[in-house]
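Listed below are the residues making up each chain.
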Amino acid sequence: METFLQQIINGLVLGSMYALIALGYTMVYGIMNLINFAHGDVLTVGALTALSTILLLQALFPGMPGWAVIGCGLLAAITVCVTLSLIIERVAYRPLRNAPRLAPLISAIGVSIVIQTVAMLVWGRNYMTFPQLIPNTPIDVAGVTVTATKLLVIALSALVMVGLMLLVNRTKLGRAMRATAENPRVAGLMGVNPNFVIAATFAIGAALAGLAGVMLAATYSVAHFYMGFLPGLKAFTAAVLGGIGNIPGAMLGGLLLGLIEALGAGYIGQLTGGVLGSHYQDVFAFAILIIVLVFRPSGLLGERVADRA
Amino acid sequence: MKTLLPRLSQNRAAVWLGVVLIAIVLVALPFVIGQMGNAWVRALAFACLYVMLALGLNIVVGFAGLLDLGYIAFYAVGAYMYALLASPHLTSTFPWIAQMFPEGLHSSIWLVIPLGAGIAAIFGLLLGAPVLKLRGDYLAIVTLGFGEIVRIFLNNLNAPVNITNGPQGITLIEPIRMLGVNLGRAQEIFGLRLPSVYLYYYLFLALTIIAIIICVRLQDSRLGRAWMAIREDEIAAKAMGINVRNVKLLAFALGATFGGVSGAMFAAFQGFVSPESFILNESIIVLAMVVLGGLGHIPGVVLGAVLLAIFPEILRHTVVPVQNALFGQVIIDAEILRMMLYGMALVLIMLYRPKGLWPAPEHGVNPASRVGVAAAGRA
Amino acid sequence: MSTTAPDHVLRVSGVNKRFGGLQALADVGIEITRGEIYGLIGPNGAGKTTFFNVITGLYTPDSGSFELDGKPYSPHDVHRVAQAGIARTFQNIRLFPDMTALENVMVGRHVRTKATALGAILRTRRTLDEERAIKSRSLELLEYVGIRKYADYQARTLAYGDQRRLEIARALATEPKLLALDEPAAGMNATEKVALRTLLEAISRDGITILLIEHDVKLVMGLCDRVTVLDYGKMIAAGAPAQVQSNPAVIEAYLGAGHKAVATKVA
């Protein structure tokens, strides 16, 4: 029975990962009005790529230090994720940009399935252990027990999110992204290449997903072909919770969702007098999704989606 | 029937001849296909169930334009309903039920079909009511969530009270008994020996035909026009006095009934149900059938369902021996290949043939010269 | 039987509507007598379509009272307004593009018919009779507006003027007490406008009250029994067209301050 503070930390860890994934959903939705169904599967591929890289490095260079191995794994994951998502965007989404709304959505579903099955073929159906490369020794911080991995997840996520905010608000690319998200035609008239901006958006989102995938695998020490599905769905919930298209919203939504889930899972047994156990925790995310969409569809911080004529 | 075969309908004799021929083929089919083994007839029976599912989803997606990604939940509801009413599970788990029904729980098909339809319709209304005002992609995600919630509950309602028996599912489900015939046993009719699988096939075929007739009648009705109007321009539909909310709810409820009935039939046919049969992928497969065949076009949907239902059988019989011959072992599992091809089909159809393999023919007259005048007439 | 109180089909008063910082409508009202053709005019941005949308339930007003045929109605649900008896057309023509002209009008019959899903599935006698009646009435309406020959044409393929007629036919199918037309002559050439005027006069003669927003001053002056002029969300004049057009405030609103002294003569 972990303490309240412990649950908070767990919630922040979970929430950080959700936030990273949610950012990918929210940026793509803001710029294209599309739910990128395949986002969770890109995450999966990232984690599995990292796993393979790590296993390969460990076999070839047994002396390599843990942090270097996982660093290389991370790099490989991000590279593969970015490449994969650029291909997906080019092949399955770009031709459908002006098609009626159902078409890109159905295409996204198809892409998601294809990636899952390919992952199944390449890596098999079994759950695989993700090696412990960061020392697992529990550290005591203010009465709460954490591991280096958890601290790293929170710190790294925070760093990346700050970086993203800087990118979006202070750089030329960021300006271009915001302009395209509001009105692609006018942005185009101002000299912004929408194809490039959209591709960049996908790439950034995919990189974040790759990072999140490795974090997930490292935190739970497991990776498998379907691992991205549930986190993906929950991260989408988080994005909606914060306000779709709204970048700070995705971060807020992700952290909130992580906290709600951690606290909920911890206390649901007590709350329902034992009727519902913690395996219902996934239902939380869905319930929140439905509640938010029905009662406050613009989310906590408000949506930022372009008005499509 | 006018919208189904516009050219042929002019010649009534031709239509009736066609119908009779198709009927003969369908009735004789199991005997022909059955030569290759009962597994193929099983596939035909399942194909009928999938056709019913696809027709039901077509009402929601094709007629009313609402993307439901959790449709399989209605199938699950129907299946579990029958499972509970026609198996020893409830009587062995709850002594008070065993006391009420000392001979065990058996359910007549004449009760099961309306009940399955009714319960599924209620779930359809429950799902539809809160989500109707959501826009397309949000609706898709929420319905997906609903489907998953149903599955999670089915998987976990074995404690504290064991209703669904959790991941193990419910077994020993009774076969259907109708008109004195036990479909679970082979029967002798007109001197022909009909294995159980054939009997189920005929039952499902009959239900499927009824389903098709219902869909055609709905399409060419006041309600069908209202659905189409909503799909084309919701605001204009409202301005014409259509209660869009209620009409959409009706689509959800009616679509759900198809799922519920076929779910009950599935439970009887298979003899057991478990949450594994009702995962998200199944919803997507049914969606693929509707989309591949021709969204909103009944013959297209039937075609899509039959193709995608038979396809795994064909795949299993070709991919496996080919790989064994070439590589000595199976590298790509037929199941995985099947799903991958479904996924690719979804993408390819959207890219190259978004209206489906057999879309509705051009509705009404659309002469090119008219289009020219119209274009010139616009300011 | 009251001979002094006029028979009002529509009585609306005190309508206010604010969009954020903009007061789109300020205390606007209208009274339409049965059988008249009533015009709502004003410069661009005056709030005509906003008022229209409020009356027909597309926008929710901040305040106002609404009475149709002597009975109060709530302008909150578009479909309820249609059920009560106001049928409208749209400035940008909102037909059902992939349905045929006939089907478009048949959808208009929805609100006055009753067939249910069950009736459709079972093909009851009552349902079949109703379907037949719907179809024949719809064909009649297509004939009435002059596009009977395009009954089986996809709505999107009709010429612009014919699409407008179709929209009117569809609105008439709802058996409205008030036919509300949003800029029915927009985009039409002179010949088409004459034909439209003929049609609207026929509809009026057949007893249907008409409210229309229009920019074409000549059309409005010739067609309407009375008009209301809006400017910046306020009513600046109301009454017979001849009076209104020589009203200095109206002239100023349309032409600018320097033209107060000029009386505009319209043929």
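Computed from a predicted model, the values in this text were never measured in an experiment.

Focus: the overall build of chain A
Moving on, step 1. Counting secondary structure elements, chain A contains eleven helices and four strands.
Moving on, step 2. Over its C-alpha atoms, taken along the principal directions, chain A stretches across nearly 55 × 50 × 35 Å.
Moving on, step 3. Contacts in chain A between residues far apart in sequence, at least 24 positions, make up 77% of those at least 6 positions apart.

A few points about the overall build of chain C
Moving on, step 1. On a plain count of helices and strands, chain C comes out with ten helices and ten strands.
Moving on, step 2. Since a compact globule built from 267 residues should have a radius of gyration of about 18 Å, the 20 Å found for chain C is in line with a globular shape.
Moving on, step 3. Expressed as lengths along the three principal axes of its C-alpha atoms, the size of chain C is roughly 70 × 45 × 40 Å.
Moving on, step 4. Looking at chain C residue by residue over its 267 residues, the buried ones come to 48%.
Moving on, step 5. When contacts within chain C are restricted to residue pairs at least 6 apart in sequence, those whose partners lie at least 24 apart make up 65%.

Focus: the arrangement of the chains
Moving on, step 1. Ranked by contact count, the leading pair among the two pairs of chains in contact consists of chains B and C.
Moving on, step 2. When C-alpha atoms are compared, chain A and chain C, though not in contact, are closest at a spacing of 13 Å.

A look at the confidence of the model for chain C
Residues and elements named next belong to chain C.
Moving on, step 1. Per-residue pLDDT for chain C averages 89, and the proportion of residues at 70 or more is 94%.
Moving on, step 2. When pLDDT is averaged over each helix and strand of chain C, the minimum, 79, is found for helix α10 (residues 248-255) and the maximum, 96, for helix α3 (residues 101-108).
Moving on, step 3. Counting interchain partners and residues more than four positions distant, the pLDDT-below-50 stretch residues 260-267 has eleven contacts.

Observations concerning the pairing of strand β3 (residues 37-41) of chain C
Residue and element names in this part refer to chain C.
Moving on, step 1. Summarising burial for β3: five of the five residues are buried, a large majority.
Moving on, step 2. Alternating positions in β3 separate into two faces, Ile-37, Gly-39 and Ile-41 on one and Tyr-38 and Leu-40 on the other, with burial throughout.
Moving on, step 3. Pairing of β3 with strand β9 (residues 226-231), which is carried by four bridges, proceeds in the parallel orientation. Directly across from Gly-39, in β9, lies its bridge partner Val-227.

Side note on the interface of chain B and chain A
Moving on, step 1. Counting residues at the interface gives 30 residues for chain B and 32 residues for chain A.
Moving on, step 2. Broken down by secondary-structure element, the contributors of at least two residues to the side of chain B that touches chain A are α6 (109-131), α7 (136-156), α12 (280-293) and α14 (334-352) of chain B.
Moving on, step 3. Sort the elements by how many residues they give to the side of chain B that touches chain A and α7(B) lands first, with eleven residues.
Moving on, step 4. A class-by-class count of the residues in the side of chain B that touches chain A yields 24 nonpolar, four polar and two charged.

Regarding the sheet that holds strand β5 (residues 71-72) of chain C
Residue and element names in this part refer to chain C.
Moving on, step 1. Taking strand neighbours across the sheet as the criterion, the four strands line up as β2-β1-β4-β5 in an open arrangement whose pairing is antiparallel. For this open sheet the edge positions go to β2 (22-33) and β5, each flanked by a neighbour on one side alone.
Moving on, step 2. Pairing analysis gives five bridges linking strand β1 (residues 8-19) to strand β4 (residues 63-68), with the strands arranged antiparallel. Directly across from Val-12, in β4, lies its bridge partner Phe-66.

Thoughts on the interface of chain B and chain C
Quoted interface sizes are often the accessible area lost when the parts come together.
Moving on, step 1. Contact residues are listed per partner, giving 34 residues for chain B and 35 residues for chain C.
Moving on, step 2. Only α8 (196-219), α9 (222-232), α10 (234-239), α11 (244-270) and α15 (368-377) of chain B provide two or more residues apiece to the side of chain B that touches chain C.
Moving on, step 3. Along the lines of polarity and charge, the residues of the side of chain B that touches chain C split into 19 nonpolar, seven polar and eight charged.

Re the sheet that holds strand β7 (residues 178-182) of chain C
Residue and element names in this part refer to chain C.
Moving on, step 1. With mixed pairing, the six strands of this open sheet are ordered in space as β6-β7-β8-β3-β9-β10. Across the chains shown, the open sheet's two edge strands, defined by having one partner strand only, are β6 (86-88) and β10 (234-239). If you compare each strand with its neighbour and ignore which way they point, the axes differ by 20° on average.
Moving on, step 2. Here helix α7 (residues 190-205) sits on the sheet in contact with β3, β7 and β8 (209-213), set at roughly 145° to β8.
Moving on, step 3. Across the sheet, α10 lies against β9 and β10, angled at about 125° from β10, the strand it touches most.

Quick word on unusual backbone geometry
Moving on, step 1. Despite not being glycine, Asn33(A) has its phi angle at roughly 55°, a positive value.
Moving on, step 2. The residue Asn33(A) is located in the loop between α1 (4-32) and α2 (39-60) in this model.
Moving on, step 3. Of note in the backbone geometry, Arg123(C) takes a positive phi value of approximately 50° without being a glycine.
Moving on, step 4. Among the secondary structure elements, Arg123(C) is positioned in the loop between α4 (117-122) and α5 (125-145).

Topic: the packing of helix α2 (residues 38-63) of chain B against helix α13 (residues 298-327) of chain B
Residue and element names in this part refer to chain B.
Moving on, step 1. Where α2 meets α13, the axes come as close as 8 Å, and the angle between the chain directions of the two elements is 140°. Viewed along their axes, α2 and α13 adopt a mutual orientation that is oblique. For the pair α2 and α13, the sense of crossing is right-handed. Along its contact with α2, which presents Trp-40, Ala-43, Phe-46, Ala-47, Tyr-50, Val-51, Ala-54, Leu-55, Asn-58 and Gly-62, the element α13 presents Val-301, Val-302, Gly-304, Ala-305, Val-306, Ala-309, Ile-310 and Glu-313.
Moving on, step 2. Classifying every residue of the contact of α2 with α13 gives 14 nonpolar, three polar and one charged.

Observations regarding α5(C)
Residue and element names in this part refer to chain C.
Moving on, step 1. Compared with the 30 Å implied by 1.5 Å per residue over 21 residues, the 31 Å span of α5 between its first and last C-alpha is a close match.
Moving on, step 2. Those residues of α5 that fall on the buried side of the exposure criterion are Thr-127, Glu-131, Ile-134, Ser-138, Leu-141, Leu-142 and Val-145. The arc that holds every buried residue of α5, seen down its axis, measures 100°, which confines them to one face. Facing away from the buried side of α5 by more than 90 degrees, the exposed set consists of Arg-125, Arg-126, Asp-129, Arg-132, Ala-133 and Ser-136.
Moving on, step 3. Close packing links the buried residues of α5 with α3, α4, α6 (160-172) and α7.
Moving on, step 4. Positive phi appears at Gly-146, one or two residues downstream of α5, with a value of about 95°.

Observations concerning the pairing of β4(C)
All names here are of chain C.
Moving on, step 1. On β4, burial follows the alternation: Gly-64, Phe-66 and Leu-68 on one face are buried, whereas Ser-63, Ser-65 and Glu-67 on the facing-out side are not.
Moving on, step 2. In this sheet, β5 lies alongside β4 in antiparallel orientation, the contact comprising two bridges. If you follow Glu-67 over to β5, its bridge partner there is Pro-72.
Moving on, step 3. If you look at the hairpin formed by β4 and β5, you'll find two residues sitting between the two strands, and Asp-69 has a positive phi there, around 60°.

Some remarks on the environment of Pro194(A)
Residues and elements named next belong to chain A.
Moving on, step 1. Assignment of secondary structure puts Pro-194 in helix α8 (residues 194-220).
Moving on, step 2. In this structure Pro-194 comes out as partly exposed when scored by C-beta crowding, with 17 C-beta atoms within 10 Å.
Moving on, step 3. The spacing of Pro-194 and Val-168 is 26 residues in sequence and 16 Å in space, taken between C-alpha atoms.
Moving on, step 4. When neighbours within four sequence positions are excluded, Pro-194 is seen to be in contact with Thr-180, Pro-184, Ala-187 and Gly-188.

Description of α8(A)
Residue and element names in this part refer to chain A.
Moving on, step 1. Under the 1.5 Å per step criterion, the end-to-end length of α8 is 38 Å for 27 residues, consistent within 8% with the ideal 39 Å.
Moving on, step 2. The element α8 is largely enclosed, with a buried count of 20 among its 27 residues.
Moving on, step 3. Residue Ser-221 follows α8 closely and has a positive phi angle near 60°.

Focus: the confidence of the model for chain A
Moving on, step 1. On average, chain A scores 87 in pLDDT, and the residues at 70 or more come to 94%.
Moving on, step 2. Mean pLDDT values for the elements of chain A range from 77 in strand β2 (residues 139-141) of chain A up to 94 in α8(A).

Describing the environment of Gly207(C)
Moving on, step 1. Position of Gly207(C) among the secondary structure elements: in the loop between α7 and β8.
Moving on, step 2. Spatially, the C-alpha atoms of Gly207(C) and Thr191(C) are 25 Å apart, while their sequence positions differ by 16 residues.

Details of the environment of Cys215(B)
All names here are of chain B.
Moving on, step 1. Checked against the element boundaries, Cys-215 lands in helix α8.
Moving on, step 2. For the pair Cys-215 and Leu-254, spaced 39 residues apart in sequence, the C-alpha to C-alpha distance is 9.9 Å.
Moving on, step 3. With residues near it in sequence (within four places) discarded, Cys-215 still touches Leu-55, Ile-59 and Ile-298.

Conventions used here
- Residues numbered from 1 in each chain as written.
- Chains lettered and ligands numbered in written order.
- Predicted model: local features only at pLDDT ≥ 70, side-chain atom pairs only at ≥ 80, totals over all residues.
- Helix = DSSP H or I, 4+ residues; strand = E, 2+ residues; numbered from the N terminus.
- Contact = placed C-beta atoms within 7 Å.
- Rg over C-alpha atoms; globule rule 2.2 N^0.38 Å.
- Buried ≥ 20, exposed ≤ 12 C-beta atoms within 10 Å, placed from the backbone.
- pLDDT = per-residue confidence, 0-100.
- Pairing = 2+ DSSP bridges.
- Nonpolar A, V, L, I, M, F, W, Y, C, P; charged D, E, K, R; others polar.
- Axes fitted to C-alpha atoms, helices over the stretch in contact; angles between N-to-C directions.
- Parallel < 35°, antiparallel > 145°, perpendicular 65-115°, else oblique.
- Left-handed = near helix turned anticlockwise from the far one by under 90°.
- Expected span 1.5 Å × (residues − 1).
- Arc of directions from axis to C-beta.

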